[in-house]
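# Overview (structure and organization)
Here is how the chains run, residue by residue.
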Amino acid sequence: MPPADESAGTEQLRLIRPDDWHLHLRDNELLAAVLPATARCFARAIVMPNLKPPVTTVAAAAAYREWILAALPASSDFQPLMTLYLTEATPVGEIEAAVHSGFVHGIKYYPAGATTNSENGVRDIRRVYPVLAAMEKHGLPLLLHGEVTDPEVDIFDREAVFIERILTPVLADFPGLKVVLEHITTAEAADFVRGHSQRLAATITVHHLLHNRNALFQGGIRPHHYCLPVLKRERHRQALVAAATSGAPEFFLGTDSAPHPRGQKESACGCAGIYSAPAAIELYAEVFAAANALDRLEAFASRNGPRFYGLPENTDHIRLVRRPWTMPESLNLAGDRLVPLRAGESVAWSCLPDPD
Ligand SMILES: NC(=O)N[C@@H](CC(=O)O)C(=O)O
Ligand SMILES: [Zn+2]
Ligand SMILES: [Zn+2]
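Residues numbered from 1 in each chain as written. Chains lettered and ligands numbered in written order. Predicted model: local features only at pLDDT ≥ 70, side-chain atom pairs only at ≥ 80, totals over all residues. Heavy atoms only, no water.

Per an unreviewed UniProt entry, the protein chain carries the name Dihydroorotase and comes from Acidithiobacillus caldus. Taken from UniProt, the Subunit (unreviewed entry) comment for the protein chain reads in full: "Homodimer." Turning to the protein chain, the UniProt annotation filed under Catalytic activity (unreviewed entry) states: "(S)-dihydroorotate + H2O = N-carbamoyl-L-aspartate + H(+)". (UniProt positions renumbered as here; feature names shortened; annotations may be inferred.)

### Considerations on the UniProt feature "active site" (unreviewed entry) in the protein chain
Sites flagged by UniProt as "active site" (unreviewed entry) map to Asp256. Inspection of the secondary structure assignment puts aspartate 256 in the loop between β9 (251–253) and α9 (262–265). Judged by relative accessible area, which is 6%, aspartate 256 ranks as buried. Once residues within four sequence positions are removed from consideration, aspartate 256 is found in contact with His22, His24, His183, Thr205, His207, Leu228 and Ile274. (Helix = DSSP H or I, 4+ residues; strand = E, 2+ residues; numbered from the N terminus. Buried < 20%, exposed > 50% of the residue type's maximum accessible area, 1.4 Å probe, protein only. Contact = heavy atoms within 4.5 Å.)

### Observations concerning the coordination of the zinc ion (ligand 2)
For the zinc ion (ligand 2), every protein donor is listed as His145 (ND1) and His183 (NE2), and the spread of their distances is 2.0 to 2.1 Å. Geometry at the zinc ion (ligand 2) is irregular, judged from the 4 donor atoms that bind it and their angles of 54 to 145 degrees at the metal. Separating the zinc ion (ligand 2) and the zinc ion (ligand 3) is a distance of 3.8 Å. Of this pair, histidine 145 sits in the loop between β6 (142–144) and α5 (158–173) while histidine 183 sits in the loop between β7 (179–181) and α6 (187–194), and the two are 38 residues apart along the sequence. The class for histidine 145 is buried, based on a relative accessible area of 2%. Taking relative accessible area as the criterion, histidine 183 reaches 2% and is therefore assigned buried. (Donors = N, O, S within 2.8 Å, 3.2 Å for Na, K, Ca; no water. Tetrahedral: all angles 85-135°; square planar, octahedral: opposite > 155°, others 65-115°.)

### As for the environment of proline 229
Positionally, proline 229 belongs in the loop between α7 (206–210) and α8 (234–244). A relative accessible area of 0% means that proline 229 is categorised as buried. Between the C-alpha atoms of proline 229 and tyrosine 85, which are 144 residues apart in sequence, the distance is 18 Å. Not counting chain neighbours up to four residues away, the residues in contact with proline 229 comprise His145, Glu147, Glu159, His183, Thr185 and His208.

### Things to note about the packing of aromatic side chains
Applying the stated criterion across every chain, the model contains 11 aromatic pairs. Taking the centre distance of 5.1 Å and the plane angle of 40 degrees together, the rings of tyrosine 85 and tyrosine 110 count as tilted. Of this pair, tyrosine 85 sits in strand β4 (residues 79–85) while tyrosine 110 sits in the loop between β5 (104–109) and α4 (129–138), placing them 25 residues apart in sequence. Residue tyrosine 85 shares its accessibility class with tyrosine 110, and that shared class is buried. A network of ring pairs unites the aromatic residues Trp21, Phe252, Phe308 and Tyr309 as a single cluster. (Phe/Tyr/Trp six-rings, centres within 6.5 Å; stacked < 30°, edge-to-face > 60°.)

### Some remarks on the confidence of the model for the protein chain
On average, residues of the protein chain score 96 in pLDDT, and 97% of them are at 70 or above. Note on residues 1–7: pLDDT under 50 across the span, and 4 contacts to partners over four residues away in sequence or across chains. (pLDDT = per-residue confidence, 0-100.)

### Topic: empty space enclosed by the protein
Evaluated as defined, the whole model comprises 3 cavities of 30 Å³ or more. Along the wall of the largest cavity there are 17 residues; nearest its centre are His24, Thr115, Thr116, Leu228 and Asp256. Here the residues of the lining of the largest cavity are counted per class, giving 5 nonpolar, 9 polar and 3 charged. Considering only enclosed or pocket space, the second largest cavity measures out at about 50 Å³ in volume. As for the second largest cavity, its lining consists of His224, Ala258, Pro259, His260, Lys265, Gly273, Ile274, Tyr275 and Val339. Among the residues making up the lining of the second largest cavity, the classes are represented as 5 nonpolar, 3 polar and 1 charged. (1 Å grid on protein atoms, 1.4 Å probe; cavity = no way out; pocket = protein on both sides within 12 Å on 5 of 7 lines; lining within 4 Å. Points joined across faces, edges and corners; volume = space filled by probe spheres on them. Nonpolar A, V, L, I, M, F, W, Y, C, P; charged D, E, K, R; others polar.)

### Some points on the UniProt feature "modified residue: N6-carboxylysine" (unreviewed entry) in the protein chain
Here, the residues flagged by UniProt with the feature "modified residue: N6-carboxylysine" (unreviewed entry) are Lys108. Positionally, lysine 108 belongs in strand β5.

### Remarks on the state of the cysteines
What is meant by a disulfide is a covalent connection between two cysteines, made through their sulfur atoms. One pass over the structure, following the stated rule, counts 1 disulfide. Each sulfur of the disulfide joining cysteine 41 and cysteine 351 lies 2.3 Å from the other. With a gap of 310 residues between them, cysteine 41 in the loop between α1 (28–39) and β3 (44–47) and cysteine 351 in strand β15 (residues 350–353) connect regions that are remote in the sequence. Its relative accessible area of 1% is what places cysteine 41 among the buried residues. (Disulfide = S-S within 2.5 Å.)

### Focus: the coordination of the zinc ion (ligand 3)
At this site the zinc ion (ligand 3) is bound by His22 (NE2), His24 (NE2) and Asp256 (OD), with donor distances of 2.0 Å. Around the zinc ion (ligand 3), the 4 donor atoms sit at angles spanning 94 to 135 degrees, and that spread fits a shape best called tetrahedral. All donors to the zinc ion (ligand 3) come from one chain, and their sequence spacing reads H-x1-H-x231-D.

### What about the packing of helix α3 (residues 92–101) against α4?
Contact pair α3 / α4: the axes reach a minimum separation of 8 Å and the direction vectors enclose 25 degrees. When the axes of α3 and α4 are compared, the pair comes out roughly parallel. In the crossing of α3 with α4, the sense of the turn from one axis to the other is right-handed. Each of Val92, Ile95, Glu96 and Val99 in α3 lies in contact with α4, whose residues at this interface are Pro130, Val131, Ala134, Met135 and His138. Its residues assigned to classes, the contact of α3 with α4 shows 7 nonpolar, 1 polar and 1 charged. (Axes fitted to C-alpha atoms, helices over the stretch in contact; angles between N-to-C directions. Parallel < 35°, antiparallel > 145°, perpendicular 65-115°, else oblique. Left-handed = near helix turned anticlockwise from the far one by under 90°.)

In structure tokens form, the structure reads like this:
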């Protein structure tokens, strides 16, 4: 702890401990290596199931959860909130088992081929209609990677076309189904979500709030800024900032922190995913400070998510202090090098435990 007077006059913020409502923790050695970066500031996270093989059953989710808990630093009380990976073969009975488990909080829909490890995802949404009906009945949320995979559709339009072709009919066919449109990237998605506030919500990543698509090509190709859905134009970034900082309950924090070893990013066919966990809450604070909306960060990071998921808010707090530090160029994790968001550059805020 610095002496009290050192931080006198430094801008500070006390927040209910935030949660991350969209996170990739991976498995094996990488899991143990990346977990502390999230557990240092976040109390809970919705853990994505796109492992190889995917987490498709409650039994697999229970085993993965135990694995995460065993990999946590001893002092941590971080709680993983588990999800199941929806396939066309998911039995309706798995939904009942998920609800009764108490630790599965959502079912993840990947259009087959849309993103990392999505090969086992859904090709025809109608084949999972009985499962969606069970989820609607039990109040278990559907979490969407909202992009179509139709090769005729331009990659920058895949989210908008998903809203039109898939999301709109699903909302109409299942009027009681709770849905999260994950990692939204466009003004159109933000507007769409705003129009259905009771049962449709969206997570917003920090990289989509910080960057537009120019970041992919700044002075050369920048694989560490490649994620899916891909970064969009500046007008979309601005619309996302407006949504996140509005305080509206249907928008909440989901980093989509998605670590891939450097060699798999810096490749002729590089993986999609940005590793943001090492500075996630600090970078969100930068976005909210730049928008003059630090007073809305707590709603976005700590209140709106639990409210949507029907969970209590956390009872402890974190402190964010405007004290810059430099993110390393790369991190040595599980024998691999990983390049985090903001690598080699300054991060304006520091996250500290709350003294009280
Ligand atoms: N966002 C990404 O670009 N990648 C994610 C998958 C996903 O969330 O779509 C990953 O698992 O690597
Ligand atoms: Zn996704
Ligand atoms: Zn993701």
